[in-house]
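Remarks on the overall topology
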Amino acid sequence: MSKIVKITTRLFAVPLPEVLTDAKHGDHSHFQLVTVTVDLADGSSGTGYTYTGGKGGTAIRAMLVDDLAPVLLGKDGTDVEGIWDFCEWHIHYVGRGGIASFAMAALDIALWDIRCLKAGKPLWKMAGGAGRTCKAYGGGIDLNFPLPKLLKHVRNYLNAGFNGVKIKVGRGNLAEDVARVKAVRQEIGDDVTFMVDANYSMSVDQAIEAANAFKPYGITWLEEPTLPDDYLGMARIAKATGVPLAMGENLHTIHEFGYAFEQSNLAFIQPDASNCGGITPWLKVAALSRKYGLPVCSHGMQELHVSLVSAQSNAGWLEYHSFPIDQYTLRPLVIKEHLAVAPDTPGIGVTFDWKALAPFEQKFG
């Protein structure tokens, strides 16, 4: 046992090289990074984090600073699952899912960092240990890209060593989406894995029409074709088309994942440790995915998820996201022979380059 003596929360607004657009979230000019460093009485320390697409970071920080940090001081920082359970119920009435899951994620990841450091083991060994590598694809936020730029963007992923790519669809004109899907498939050839992501922009009927139109181009999955809350609507799409469906980035509690597994007829699940409450619930989702016979994949924060996905016996695909958090760490994602390689050093394997982040820190009085 070692008591928590200090919790430090920081918020950064990190500009993107260019504005990125998808069908529902709109334009992204920057991403927000919220970091949490937890210090224990025995001198050990760990850092966790979460991120947003540019909105909500101040609220996440406020929940951490005002509602969670004060009540966690003095608690046993080695009781990772116990603290997670305490936090869930402490803010459950005002924050089931949503902002609460983001805030809890940053804390939970920090405590896992401490856990791994104390054990002298890397996260992939502590989180399952099935392997150190996994398949990876380049996932672009590219809906606004003209076709020549889209094709160049996809080619850049292949040149970087990925053998899978994903593009955005949902431009409002199905013929345009189909033309872009066709062009990308022609660009990458038949041997590269290809996914498309609609960011829940379609009705169920529209998604059925789109999925059928995409069939000739051999897509591995259609991601979030309709509202993530419409579990039965997802099942209707899958049954009507036979096209494999994926979702998970907008599911923020283990209960929501349970409904999706049970009702949505999914082919892939994509939990994001940054918004489902951290590593602790991510591993619960992974366990459920084995029960239901689905590969467990990821969304975003590739620098952390490479360890979690690789560690699972049913590892699916790691997403390399367009928010380049890993470029602000001391170990950007490593791709070798088309596989993503997890860090092998003790801890979660994510050490931030604080000097690089410094210009983007948001100051509070």
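What comes next is a walk through the structure. (Residues numbered from 1 in each chain as written. Predicted model: local features only at pLDDT ≥ 70, side-chain atom pairs only at ≥ 80, totals over all residues. Heavy atoms only, no water.)

**Comments concerning the packing of helix H1 (residues 57–72) against helix H4 (residues 98–119)**
Where we set the bar: Axis lines are fitted to C-alpha atoms, over the contacting stretch for helices. Their N-to-C directions set the angle, which ranges from 0 to 180 degrees. Secondary structure counts use DSSP, requiring at least four H or I residues in a row for a helix and at least two E residues in a row for a strand, with both numbered from the N terminus. Here is the rule for angles: anything less than 35 degrees is roughly parallel, anything more than 145 is roughly antiparallel, 65 through 115 is roughly perpendicular, and the remaining ranges are oblique. In a left-handed crossing the near helix is turned counterclockwise from the far helix by less than a right angle, and in a right-handed crossing that turn is clockwise. Contacts between residues were defined by any pair of non-hydrogen atoms, one from each residue, lying within 4.5 Å. Here the nonpolar group is Ala, Val, Leu, Ile, Met, Phe, Trp, Tyr, Cys and Pro; Asp, Glu, Lys and Arg are the charged ones; every other residue, Gly included, is treated as polar.
Where H1 meets H4, the axes come as close as 9 Å, and the angle between the chain directions of the two elements is 60°. Between H1 and H4, the angle falls in the class oblique. For the pair H1 and H4, the crossing hand works out as right-handed. Residues Ala59, Ile60, Met63, Leu64, Leu68 and Leu72 of H1 form the contact with H4, whose own contacting residues are Ile99, Ala100, Phe102, Ala103, Met104 and Leu107. Class assignment of the residues belonging to the contact of H1 with H4 gives a composition of 12 nonpolar, no polar and no charged.

**A word on unusual backbone geometry**
Convention followed: Between buried and exposed lies partly exposed: a residue is buried under 20% and exposed over 50% of the maximum accessible area for its type, with that area taken using a 1.4 Å probe on protein chains only.
You will see that tyrosine 200, though not glycine, has its phi angle at about 50°, which is positive. What makes tyrosine 200 buried here is its relative accessible area of 17%.

**Topic: the side chain of serine 264**
Test applied: Any N or O atom pair separated by 3.5 Å or less is treated as a polar contact, with the protein-specific requirement of one donor-capable and one acceptor-capable atom, and with residues adjacent in sequence counted only for side-chain atom pairs.
Take serine 264: it is sitting in the loop between helix H10 (254–263) and strand S9 (268–269). A polar contact of 3.0 Å, which involves the side chain of serine 264, links it to the backbone oxygen of tyrosine 231. Apart from the residues within four sequence positions on either side, serine 264 is in contact with Tyr231, Met234, Ala235, Met247 and Tyr259.

**Things to note about the packing of helix H8 (residues 204–214) against helix H9 (residues 231–241)**
Packing of H8 against H9 brings their axes to within 9 Å, and their N-to-C directions diverge by 35°. You can see that H8 and H9 cross each other, and the crossing is right-handed. Here Val204, Asp205, Ala207, Ile208, Ala211 and Asn212 of H8 come into contact with H9, specifically with Gly233, Arg236, Ile237, Ala240 and Thr241. Across the contact of H8 with H9, the residue classes break down as six nonpolar, three polar and two charged.

**A look at H8**
Those residues of H8 not exposed but buried are Val204, Ala207, Ile208, Ala210, Ala211 and Phe214. For H8, the elements touching its buried residues are helix H7 (174–188), strand S6 (193–197), strand S7 (221–223) and H9.

**Points about H4**
As a reminder, the rule being used: Multiply 1.5 Å by the residue count of a helix minus one, and that product is the helix's expected span.
Look at H4: 32 Å from first C-alpha to last across 22 residues, which is about the 32 Å you get at 1.5 Å a residue. Across the 22 residues that make up H4, a large majority, 16, are buried. Looking one or two places after H4, you find glycine 120, whose phi comes out positive at around 70°.

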